[in-house]
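Fold and contact review
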Amino acid sequence: GLYQVGSFIGDRWKEWNGRFRDDVRSFVKGDRKMTGKLASRILGSPDLYAHSDREPEQSINFITCHDGFTLNDVVSYNQKHNWANGEENRDGDNHNRSWNHGVEGPTDDRQIEQLRNRQIKNFFAINLIAVGTPMLSMGDEVRRTQQGNNNVYCQDNALSWFDWSLVEKNAGLLRFVKKLIHFRLSLPGHTQRQEMSLTELLHRADIRWHGVRLDQPDWSDASHIVSATVQGLEHWLHLIFNAYWEPLTFELPAPSLDGNSGWRRIVDTDRESPEDFCDPREAPQVNGLSYRAAPRSVVFLLTELAGE
């Protein structure tokens, strides 16, 4: 009964939303029964906060923090490796909801490294599109590692230091994260949404949920996909979250805004830098009313308005 996230009284509390961390990790990893939970986390966790009419900013959404695995290690290790701490690996959390993607720790396997990098981008994309206040852990944007140690408070050495060479090595990922942050801050109505209560936000927003077919979301235990169309902004935004291990083709709605000329691809985490994030005014058009999403990928599409 000590886990009280969502139960604090008063409108001044800002809470680290540990359920956001756990549910997003599990969805991206490919666990069952997570699609509905992901939708809730994207909406600002109304199951935790809407009942008390709290503001969406009060949910601090995060995947990693100072304690536990780095984001690189979430996708690189199945188990903690705290042997250097002198406590026979007994310290630190045993339930990290992590996945090494086939090899424990560093690897030269190009396919595994590509998948790990894509999964890291998936985490950032989900966190930075979700309602609430995103929190990022320094170094995750360049794949900082603690070599599988999830409890480095006692390590004043390379395990806990920042390796500045990673900034150049993972410049593509760093660019992706910077672009995502700018995109979030530039979304129409961003400031107004932060000032609404969560209940008010959900009441005003026009959100349509889908699966691979329009208006047919799959909330079953075995589902690993969900997509959504957010209407009512100056643009329409279409989101695809495919945690399935095969490519899937998703139907797209036909935007009906005046002067609208179709969809543009802003984010596709399967693509290499710089095509993984394209600035809205330069983003390529999507032909037709479907999009083939790669395995374990996240896609953001934005409507293009005539004259822009």
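Everything in this summary refers to the structure shown in the same document. These numbers come from a predicted model, not from an experiment.

Rules used in this analysis
- Residues numbered from 1 in each chain as written.
- Predicted model: local features only at pLDDT ≥ 70, side-chain atom pairs only at ≥ 80, totals over all residues.
- Heavy atoms only, no water.
- Axes fitted to C-alpha atoms, helices over the stretch in contact; angles between N-to-C directions.
- Helix = DSSP H or I, 4+ residues; strand = E, 2+ residues; numbered from the N terminus.
- Parallel < 35°, antiparallel > 145°, perpendicular 65-115°, else oblique.
- Left-handed = near helix turned anticlockwise from the far one by under 90°.
- Contact = heavy atoms within 4.5 Å.
- Phe/Tyr/Trp six-rings, centres within 6.5 Å; stacked < 30°, edge-to-face > 60°.
- Buried < 20%, exposed > 50% of the residue type's maximum accessible area, 1.4 Å probe, protein only.
- Core = buried A, V, L, I, M, F, W, Y, C linked by side-chain atoms within 4.5 Å.
- Patch = residues over 30% accessible without salt bridge, like charges linked within 9 Å, V, L, I, M, F, W, Y side chains within 5 Å.
- Areas by Shrake-Rupley, 256 points an atom, 1.4 Å probe, with all protein chains shown as cover.
- Salt bridge = Lys/Arg side-chain N within 4 Å of Asp/Glu carboxyl O.

The next subject is the packing of helix α1 (residues 18-29) against helix α5 (residues 110-129). Two elements in contact, α1 and α5, have axes separated by 11 Å at closest approach and are oriented at 140°. With respect to each other, α1 and α5 are oriented oblique. Of the two possible hands of crossing, α1 and α5 adopt the one that is right-handed. Here α1 contributes F20, V24, R25 and V28 to the contact with α5, which in turn contributes Q119, N122, F123, I126 and N127.

Bringing unusual backbone geometry into the picture now. For the peptide bond that leads from S273 to P274, omega is 5°, which places it in the cis range. Inspection of the secondary structure puts P274 in the loop between β8 (260-268) and β9 (290-293). Phi angles above zero are rare outside glycine, and N89 is one such case at about 65°.

Going through the model one piece at a time under the given rule, you end up with 7 aromatic pairs. Plain terms: the ring middles of F183 and F277 are 6.0 Å apart, the flat faces sit at 70° to each other, and that makes the pair edge-to-face. Of this pair, F183 sits in helix α7 (residues 171-186) while F277 sits in the loop between β8 and β9, and the two are 94 residues apart along the sequence. Judged by its relative accessible area of 5%, F183 is buried. Residue classification places F277 among the buried residues on the basis of a relative accessible area of 2%. Three or more aromatic residues joined by ring pairs make a cluster, and in this case those are F183, F277 and F300.

In a soluble, globular protein the nonpolar side chains are often hidden away together inside. Ranked by internal contacts, the top residues of the largest apolar core, which has 45 residues, are L180, F183, F241 and F300. Sorting elements by how many residues they give to this core places α5 first, with 7 residues. In this structure, L180 is in contact with F124, A125, L128, V267, F277 and F300, ignoring residues within four places of it in sequence. Formed by 12 residues, the second largest nonpolar core is a distinct cluster that contains F250, V286, V299 and L301.

All right, on to a nonpolar patch on the surface then. Nonpolar side chains collect at one region of the surface, where L136, I181 and L185 lie side by side and expose about 250 Å² of accessible area between them. Looking at where L185 falls in the secondary structure, it is placed in helix α7. In this structure L185 comes out as exposed when scored by relative accessible area, which is 55%.

Glancing now at helix α2 (residues 35-42). Taken across its 8 residues, α2 has 6 buried, putting it largely inside the fold. Listing the buried residues of α2 in full gives T35, L38, A39, S40, R41 and I42. Considering only its buried residues, α2 is in contact with α1, α3 (46-49), α5, β4 (206-210), β5 (225-231) and β6 (237-242). G44 lies just past α2 and shows a positive phi near 90°.

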